[in-house]
Amino acid sequence: MMDSTDNIKFPLLDLIINDWSKINDVSEILFDDEFIYSSSDTNFKLYLFNHLLVDDNGNLFKIKEKENLPLLKRIIPFGKKAKIIFENLNKTIDFNEVKEMMLSNMSKLEVNDLNKDFINKWYSKIMESKSISEMFWEKDNNGNV
(Lines give C-alpha, C1' and ligand atoms only; values in the text may rest on other atoms or scores of the structure.)
Protein backbone atom coordinates (compact mmCIF):
# COMPACT_ATOMS: atom_id res chain seq x y z
CA MET A 1 0.00 0.00 0.00
CA MET A 2 1.38 3.39 -0.98
CA ASP A 3 1.71 5.93 1.75
CA SER A 4 1.79 9.70 1.75
CA THR A 5 4.68 11.56 3.27
CA ASP A 6 2.39 12.78 6.08
CA ASN A 7 3.45 9.77 8.17
CA ILE A 8 7.18 10.27 7.58
CA LYS A 9 9.34 12.29 9.92
CA PHE A 10 12.23 13.42 7.76
CA PRO A 11 15.12 12.91 7.42
CA LEU A 12 15.11 9.41 6.01
CA LEU A 13 18.29 7.37 6.19
CA ASP A 14 18.97 4.84 3.44
CA LEU A 15 19.85 1.52 5.09
CA ILE A 16 20.68 -0.27 1.82
CA ILE A 17 23.85 1.53 0.76
CA ASN A 18 26.32 -1.34 0.62
CA ASP A 19 29.56 0.38 -0.27
CA TRP A 20 30.11 3.48 1.82
CA SER A 21 33.61 3.83 0.37
CA LYS A 22 31.96 5.08 -2.84
CA ILE A 23 29.78 7.73 -1.16
CA ASN A 24 30.77 11.25 -2.15
CA ASP A 25 28.17 13.20 -0.20
CA VAL A 26 25.77 12.68 2.69
CA SER A 27 22.88 13.41 0.30
CA GLU A 28 23.47 9.92 -1.13
CA ILE A 29 22.29 8.32 2.13
CA LEU A 30 19.95 10.97 3.56
CA PHE A 31 16.64 12.28 2.24
CA ASP A 32 15.48 15.68 3.54
CA ASP A 33 12.21 15.36 1.64
CA GLU A 34 10.47 13.18 -0.94
CA PHE A 35 12.01 14.82 -4.03
CA ILE A 36 14.94 13.75 -6.18
CA TYR A 37 16.96 15.69 -8.73
CA SER A 38 16.84 13.15 -11.54
CA SER A 39 13.91 11.92 -13.59
CA SER A 40 15.93 9.04 -15.07
CA ASP A 41 14.11 5.72 -14.78
CA THR A 42 17.41 3.87 -15.13
CA ASN A 43 19.05 5.76 -12.26
CA PHE A 44 15.96 5.30 -10.12
CA LYS A 45 16.00 1.53 -10.66
CA LEU A 46 19.76 1.28 -10.10
CA TYR A 47 20.14 3.53 -7.08
CA LEU A 48 16.81 3.89 -5.27
CA PHE A 49 14.15 1.31 -6.14
CA ASN A 50 13.30 -0.99 -3.21
CA HIS A 51 15.76 0.71 -0.86
CA LEU A 52 14.89 0.38 2.80
CA LEU A 53 14.72 3.68 4.68
CA VAL A 54 14.24 4.63 8.31
CA ASP A 55 12.72 7.92 9.41
CA ASP A 56 13.55 9.98 12.47
CA ASN A 57 10.97 8.04 14.51
CA GLY A 58 12.43 4.63 13.56
CA ASN A 59 9.65 3.78 11.11
CA LEU A 60 10.69 1.72 8.09
CA PHE A 61 9.74 2.58 4.51
CA LYS A 62 10.59 1.17 1.12
CA ILE A 63 11.01 3.19 -2.07
CA LYS A 64 8.42 1.82 -4.51
CA GLU A 65 8.01 4.32 -7.35
CA LYS A 66 8.83 7.76 -8.59
CA GLU A 67 6.46 10.24 -10.08
CA ASN A 68 7.98 12.74 -12.51
CA LEU A 69 7.14 16.35 -11.83
CA PRO A 70 5.57 18.42 -14.63
CA LEU A 71 7.93 19.13 -17.54
CA LEU A 72 8.14 22.81 -16.70
CA LYS A 73 9.62 21.99 -13.29
CA ARG A 74 11.94 19.32 -14.69
CA ILE A 75 13.65 21.69 -17.14
CA ILE A 76 14.82 24.02 -14.35
CA PRO A 77 18.55 23.35 -13.89
CA PHE A 78 19.42 21.78 -10.53
CA GLY A 79 15.73 21.64 -9.64
CA LYS A 80 13.64 18.81 -8.27
CA LYS A 81 12.70 16.40 -11.07
CA ALA A 82 10.60 13.68 -9.44
CA LYS A 83 8.77 12.72 -6.28
CA ILE A 84 9.52 9.44 -4.52
CA ILE A 85 6.58 7.24 -3.56
CA PHE A 86 7.20 5.30 -0.35
CA GLU A 87 5.59 2.20 1.05
CA ASN A 88 5.10 2.22 4.80
CA LEU A 89 6.23 -1.19 6.04
CA ASN A 90 4.48 -0.69 9.37
CA LYS A 91 7.63 -1.83 11.15
CA THR A 92 10.17 -0.02 13.26
CA ILE A 93 13.85 -0.39 13.97
CA ASP A 94 15.53 0.42 17.28
CA PHE A 95 17.61 3.60 17.14
CA ASN A 96 20.61 1.87 18.73
CA GLU A 97 20.60 -0.61 15.85
CA VAL A 98 20.61 2.28 13.37
CA LYS A 99 23.44 3.90 15.30
CA GLU A 100 25.49 0.67 15.22
CA MET A 101 24.93 0.40 11.45
CA MET A 102 26.10 3.99 10.96
CA LEU A 103 29.24 3.47 13.03
CA SER A 104 30.02 0.24 11.21
CA ASN A 105 29.56 1.92 7.83
CA MET A 106 31.68 4.89 8.87
CA SER A 107 34.58 2.53 9.46
CA LYS A 108 34.49 1.85 5.70
CA LEU A 109 35.07 5.50 4.77
CA GLU A 110 38.49 6.39 3.44
CA VAL A 111 40.21 8.62 5.98
CA ASN A 112 42.85 11.07 4.83
CA ASP A 113 44.40 14.33 6.03
CA LEU A 114 41.62 16.35 4.43
CA ASN A 115 38.67 14.58 6.04
CA LYS A 116 39.94 12.99 9.25
CA ASP A 117 38.80 15.89 11.48
CA PHE A 118 35.34 15.86 9.88
CA ILE A 119 35.01 12.07 10.24
CA ASN A 120 36.15 12.17 13.88
CA LYS A 121 33.61 14.92 14.67
CA TRP A 122 30.88 13.05 12.82
CA TYR A 123 31.71 9.84 14.69
CA SER A 124 31.42 11.72 18.02
CA LYS A 125 28.15 13.31 16.89
CA ILE A 126 26.70 9.88 16.08
CA MET A 127 27.85 8.48 19.42
CA GLU A 128 26.04 11.31 21.25
CA SER A 129 22.94 11.36 19.05
CA LYS A 130 19.48 10.32 20.19
CA SER A 131 17.85 10.57 16.75
CA ILE A 132 18.77 10.29 13.11
CA SER A 133 18.47 14.04 12.61
CA GLU A 134 21.02 14.59 15.41
CA MET A 135 23.50 12.42 13.48
CA PHE A 136 23.50 14.87 10.60
CA TRP A 137 22.31 18.29 11.75
CA GLU A 138 23.47 20.71 14.41
CA LYS A 139 21.30 21.59 17.38
CA ASP A 140 20.31 25.20 17.92
CA ASN A 141 20.67 27.04 21.24
CA ASN A 142 17.35 25.55 22.41
CA GLY A 143 18.50 21.98 21.76
CA ASN A 144 16.36 21.62 18.63
CA VAL A 145 17.75 20.08 15.48
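Residues numbered from 1 in each chain as written. Predicted model: local features only at pLDDT ≥ 70, side-chain atom pairs only at ≥ 80, totals over all residues. Heavy atoms only, no water.

### Considerations on unusual backbone geometry
Step number 1: Following Phe-10, the chain continues into Pro-11 via a peptide bond in cis, with omega recorded as 15°.
Step number 2: Looking at where Pro-11 falls in the secondary structure, it is placed in the loop between strand 1 (2–3) and strand 2 (12–14).
Step number 3: With phi around 65°, Asn-50 is a residue other than glycine that occupies positive phi space.
Step number 4: In this structure, Asn-50 sits in the loop between helix 1 (41–47) and strand 5 (52–54).
Step number 5: A residue is classified by how much of its surface remains accessible, and Asn-50, at 31% relative accessible area, is partly exposed. (Helix = DSSP H or I, 4+ residues; strand = E, 2+ residues; numbered from the N terminus. Buried < 20%, exposed > 50% of the residue type's maximum accessible area, 1.4 Å probe, protein only.)

### With respect to the pairing of strand 7 (residues 82–92)
Step number 1: With two bridges connecting them, strand 4 (residues 35–36) and strand 7 associate as antiparallel partners. Its bridge partner being in strand 7, Ile-36 is matched across the sheet by Ala-82.
Step number 2: Alignment of strand 6 (residues 59–68) against strand 7, held across eight bridges, turns out to be antiparallel. Directly across from Phe-61, in strand 7, lies its bridge partner Asn-88. (Pairing = 2+ DSSP bridges.)

### Observations regarding the pattern of salt bridges
Step number 1: Applying the stated criterion across every chain, the model contains five salt bridges.
Step number 2: Note that Asp-41 and Lys-66 form a salt bridge whose closest N and O atoms lie 2.8 Å from each other. Residue Asp-41 is located in helix 1, and its partner Lys-66 is located in strand 6; the two are separated by 25 residues in the primary sequence.
Step number 3: In this structure Asp-41 comes out as partly exposed when scored by relative accessible area, which is 48%.
Step number 4: Lys-66 sits in the buried class, given a relative accessible area of 14%.
Step number 5: Here Asp-113 makes a salt bridge to Lys-116, at a shortest N to O gap of 3.7 Å. (Salt bridge = Lys/Arg side-chain N within 4 Å of Asp/Glu carboxyl O.)

### Quick look at the nonpolar core
Step number 1: Counting 22 residues, the largest nonpolar core has Leu-13, Trp-20, Trp-122 and Phe-136 as its most contacted members.
Step number 2: Among the elements of the structure, helix 3 (95–106), helix 4 (116–128) and helix 5 (132–136) are those that each provide at least two residues to this core.
Step number 3: When residues of this core are assigned to their parent elements, the largest contribution, five residues, is made by helix 3.
Step number 4: Non-local contacts of Trp-122, meaning those with residues more than four positions away in its chain, are made with Trp-20, Val-26, Ile-29, Met-102, Met-106, Leu-109, Met-135 and Phe-136.
Step number 5: Of all hydrophobic cores here, the second largest spans 12 residues; its members include Leu-12, Ile-36, Phe-44 and Phe-61. (Core = buried A, V, L, I, M, F, W, Y, C linked by side-chain atoms within 4.5 Å. Contact = heavy atoms within 4.5 Å.)

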